[in-house]
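Structural overview
Spelled out, the chains give:
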Amino acid sequence: MTVCKNCGKELREEATICPNCGTPVEKDKGGFGWGLLGCFLPFIGIILFFVWIKKKPRTAKAIIIGVAIGLLLMYAGQMAERLAQHGMLY
Ligand SMILES: [Zn+2]
């Protein structure tokens, strides 16, 4: 449930402004794009996660999932590289 950050009134999911006080509603839709950003820029993703965890929990969650995937891929890549080197050296 979204609430107006100005007056605290509950808002419909599709509302773009608060019907009570007219404050524009900040959308927190999460989103694939943010996950992708977290995947490619994990350190920026982690910072954004901590900045947004209270204000935009869905977006923050999407970012941290992206970060986790990004770090996993990075780790897998390093492991593959190490295995390849071992294969060549021994
Ligand atoms: Zn309001």
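About the criteria used
Residues numbered from 1 in each chain as written. Predicted model: local features only at pLDDT ≥ 70, side-chain atom pairs only at ≥ 80, totals over all residues. Helix = DSSP H or I, 4+ residues; strand = E, 2+ residues; numbered from the N terminus. Rg over C-alpha atoms; globule rule 2.2 N^0.38 Å. Buried ≥ 20, exposed ≤ 12 C-beta atoms within 10 Å, placed from the backbone. Contact = placed C-beta atoms within 7 Å. Arc of directions from axis to C-beta. pLDDT = per-residue confidence, 0-100.

1. So, the overall build of the chain
Helices and strands together make up the secondary structure of the chain, namely three helices and two strands. Going from N to C terminus, the chain has its helices and strands arranged as β-β-α-α-α. Its C-alpha atoms give the chain a radius of gyration of 20 Å, clearly above 12 Å, the size a compact globule of 90 residues would have. For the chain, the spread of C-alpha atoms along the three principal axes comes to 70 × 20 × 15 Å. For the chain, buried positions account for 21% of its 90 residues. Contacts in the chain between residues at least 24 apart in sequence constitute 42% of all its contacts with a sequence separation of at least 6.

2. What to know about helix α1 (residues 32-40)
Along α1, the residues classified as buried are Trp34, Gly35, Gly38 and Cys39. Here the buried residues of α1 occupy an arc of 145° about the axis, which is enough to place them on one side.

3. Things to note about the confidence of the model for the chain
Looking at the chain, the pLDDT average stands at 89 and 97% of residues meet or exceed 70. Put simply, strand β1 (residues 2-3) is where the chain has its lowest mean pLDDT, 82, and helix α2 (residues 42-52) is where it has its highest, 94.

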